[in-house]
Structure formats: structure tokens, C-alpha cells
Amino acid sequence: MGSALDKDQGAGNDVPMPHDHRDHPHDRLPSDPALRVRALETVLTQKGLIDPAALDEIIDTYENRIGPRNGARVVARAWRDPDFCAALLDDATAVVSGMGYYGRQGEHMVAVQNTDETHNMVVCTLCSCYPWPLLGIPPTWYKSDAYRARAVREPRKVLADFGVTLPEGTAVRVWDSTAEVRYLVVPQRPEGTDGMSEEQLMALVTRDSMIGTGLAVSP
Ligand code: FE
């Protein structure tokens, strides 16, 4: 599956995080997001506001049982079926809901399609909004300060960090996710995939290709 799926492991290298909190030592929260989350979870649990077992269940569901497979199925189907693709681009929420992909963090979906003219890339500049029902839990780099700032400011450089070089004539369009709207990128279908089944095509659709920081894999 190549470079795209390896990004999780190497995220820190690919998208450096200059914001290390040494510049404001008075910050009372631990700098490590994992520690912050742990602290918040402890407080909320002590107050009886959350149930840790329920949290674990939610995370396991989105991380292991959903992952990016749902999104890959949507893309593979869009590649094979022009009518489905048109409907998806027209009203992604309705189409993916019809496939059973609906739920928290994915209530209002918009699908954007990559072409020779336009490459789409998704970020959440405010926090980490992400289409959970289609792609699972967002990768660490997606939530990083560096990615969120640079995706808008210098998207081509970010793409280069991910190993993606686009033709000069291809425009990069960056979509800023919000709590209201989540985006799914439909990557370009690779050459040499005519006649492939939905399952075969799904294997070519990486998570990053549906965020726009990668391309679909050539068979
Ligand atoms: Fe967000």
C-alpha cells in the first residue's frame, strides 16, 4: 500500500511540529496531547460525566472496525458507476447514508472529485474535524498544528512532504472542514484498472488519498 499508509508511523518526520510549548512555559496543561486527553478523561470520569468503557468502545469501533474501508468502498463504487459518482458529488450525505455510513462526526458530508485540473485536499484549520463514519479516526498528523497551518499556506509543499508531486497545471484546492461539514476526496482512478471489481479497486484507495494528501495506488 506504499507510502500513504506508512504516514502514521512517520508523521512526526513528515510534518514537523514547531509548536513545542517552550515558548510559553506558563502553560498549565501538559504539552503532550495524550497527557492532556488522559487528564481530561480522568476529570470527566471522576465527575461521572463519561464512562471510560463507553469511550473505549467508541474508539475501538472507529479505529479498528471502521477505519478507512468505508470510504474506500464509496470511492471504488464511484469509479465503477458514473451515476453513483454523480449522485455522490450532488449529495454525499444522502448517498453514504444509504450505504449505512452515517453517524457522529459525519452528519453532513461533501464529496469532492480530483481531476487533471483540480486536486482537492482536506484540513480542519480549527481542530481536527474528520469524516469518522467513512475514514475512522483521524491520523495524528491531521491533528497537528503544522499540518493545519501549512495545508492552507503552502499546500504544494505539504503534498511534497507526503511524496505527492502534481503537474504544474493542476490547481490545488484546500477544503476547511468544520463541525458542520466533512469532506471526502474522490481520488483519480489509476490507469490500468479497467474491469477491476469493487473489492480490487478498494485496495488501491488509501486513507490519505481520500484526504487528498496522497494518490490512489497504481495496481
Ligand atoms: Fe475540527
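Presented here is a report on the structure given in the accompanying data block.

### Considerations on the overall build of the protein
Broken down by element type, the protein carries 12 helices and 4 strands. Looking at the 219 residues of the protein, the share that counts as buried comes to 42%. For the protein, the proportion of contacts with a sequence separation of at least 24, taken over those separated by at least 6, is 70%. Summed over its atoms, the accessible surface of the protein is roughly 11,900 Å², and 52% of this surface lies on carbon and sulfur atoms.

### Some details on the pattern of salt bridges
Where charged atoms from two side chains of opposite charge come close, those side chains can pair. Under the counting rule described, the total for this entry stands at 9 salt bridges. Within the structure, one salt-bridge network assembled from shared partners comprises R69, R73, R77, E198 and E199.

### Digging into the coordination of the iron ion
Every protein donor of the iron ion is listed here as C124 (SG), C127 (SG), S128 (N), C129 (N) and C129 (SG), and their distances to the metal cover 2.1 to 2.7 Å. Positions of the donor residues of the iron ion along the chain correspond to the pattern C-x2-C-S-C. Judged by relative accessible area, which is 37%, C127 ranks as partly exposed.

### Description of the nonpolar core
The biggest cluster of nonpolar side chains holds 50 residues, and the ones touching the most others in it are V74, L88, L134, Y142, Y147 and I211. Here this core takes 6 residues from helix α4 (residues 69–80), the largest share from any one element. Excluding its chain neighbours within four sequence positions, the residues that come into contact with L134 are G67, P68, R69, N70, G71, V74, V96, Y101, M109 and L184.

### As for the packing of aromatic side chains
Taken as a whole and assessed by the stated rule, the structure comprises 7 aromatic pairs. Plain terms: the ring middles of W175 and Y183 are 5.1 Å apart, the flat faces sit at 40° to each other, and that makes the pair tilted. Each member of the pair, W175 as well as Y183, carries the same accessibility label: buried. An aromatic cluster of at least three residues, connected via ring pairs, comprises Y130, W141, Y142, Y147 and F162.

### Notes on helix α5 (residues 82–90)
Residues of α5 that are buried: F84, C85 and L88. The buried residues of α5 all sit within an arc of 100° when viewed along its axis, so they share a single face. Exposed side chains of α5 directed beyond 90 degrees from the buried face belong to P82, D83 and D90. On the buried face of α5, the contacting elements are α4, α6 (92–98), β1 (109–113) and β4 (182–186). A side-chain oxygen of the first residue of α5 lies 3.0 Å from the backbone nitrogen of D83; this N-cap is D81.

### Thoughts on the packing of α4 against α5
Here α4 crosses α5 at 125°, and the two axes come no closer than 5 Å. For the element pair α4 / α5, the angle class is oblique. Seen along the crossing, α4 lies across α5 with a hand that is left-handed. The segment α4 lies against α5, with V74, R77, A78 and R80 engaging P82, F84, C85 and L88. For the contact of α4 with α5, the class distribution of residues is 6 nonpolar, no polar and 2 charged.

### Let's talk about the environment of L44
As for its position among the elements, L44 is in helix α2 (residues 33–46). Classification of L44 by relative accessible area gives partly exposed; the value is 30%. Among residues more than four places away in sequence, those in contact with L44 are L49 and I50.

What counts as what
Position numbers for residues start from 1 in each chain and track the written sequence from start to end. Local features in this predicted model are restricted to residues of pLDDT 70 or higher, and side-chain atom pairs are both shown and tallied only at a pLDDT of 80 or more, whereas totals for entire chains, interfaces and linings draw on every residue. Hydrogen atoms and water are omitted, and side-chain values are computed over all heavy atoms in the structure. The way it works is that DSSP assigns letters per residue, a run of H or I at least four long becomes a helix, a run of E at least two long becomes a strand, and they are numbered from the N terminus. For every residue, the accessible area obtained with a 1.4 Å probe (protein chains only) is divided by the maximum for its type, and the residue is called buried under 20%, exposed over 50%, and partly exposed between those limits. What makes two residues a contact is simply this: any of their non-hydrogen atoms within 4.5 Å. Accessible surface area values rest on a Shrake-Rupley calculation with a 1.4 Å probe, where residue burial reflects the displayed protein chains alone. Here, a salt bridge means any Lys or Arg side-chain nitrogen found within 4 Å of an Asp or Glu carboxyl oxygen. The donor set comprises N, O and S atoms within 2.8 Å of the metal, extended to 3.2 Å for Na, K and Ca; water molecules are omitted, so apparent gaps in a site may simply reflect that omission. Here the nonpolar core consists of buried residues drawn from Ala, Val, Leu, Ile, Met, Phe, Trp, Tyr and Cys, with membership extended through side-chain atoms lying within 4.5 Å. Aromatic rings from Phe, Tyr and Trp, taking only the six-membered ring of Trp, are treated as a pair when their centres fall within 6.5 Å; an angle between ring planes under 30 degrees marks them as stacked, one over 60 as edge-to-face, and anything in between as tilted. Working note: the arc is built from the helix axis to C-beta atom directions. Within 3.5 Å is the distance limit for a polar contact, defined as a pair of N or O atoms, with the added protein rule that one can donate a hydrogen and the other accept it, and that residues adjacent in sequence qualify only through two side-chain atoms. Helix axes are fitted only over the stretch in contact, all axes being lines through C-alpha atoms; the angle between N-to-C directions runs from 0 to 180 degrees. Angle categories are assigned with fixed cut-offs, so that under 35 degrees is roughly parallel, over 145 is roughly antiparallel, 65 to 115 is roughly perpendicular, and the rest are oblique. Left-handed describes a crossing whose near helix is turned anticlockwise from the far helix by less than a right angle; the clockwise case is right-handed. Three classes are used: nonpolar for Ala, Val, Leu, Ile, Met, Phe, Trp, Tyr, Cys and Pro, charged for Asp, Glu, Lys and Arg, and polar for all others, with Gly counted as polar.

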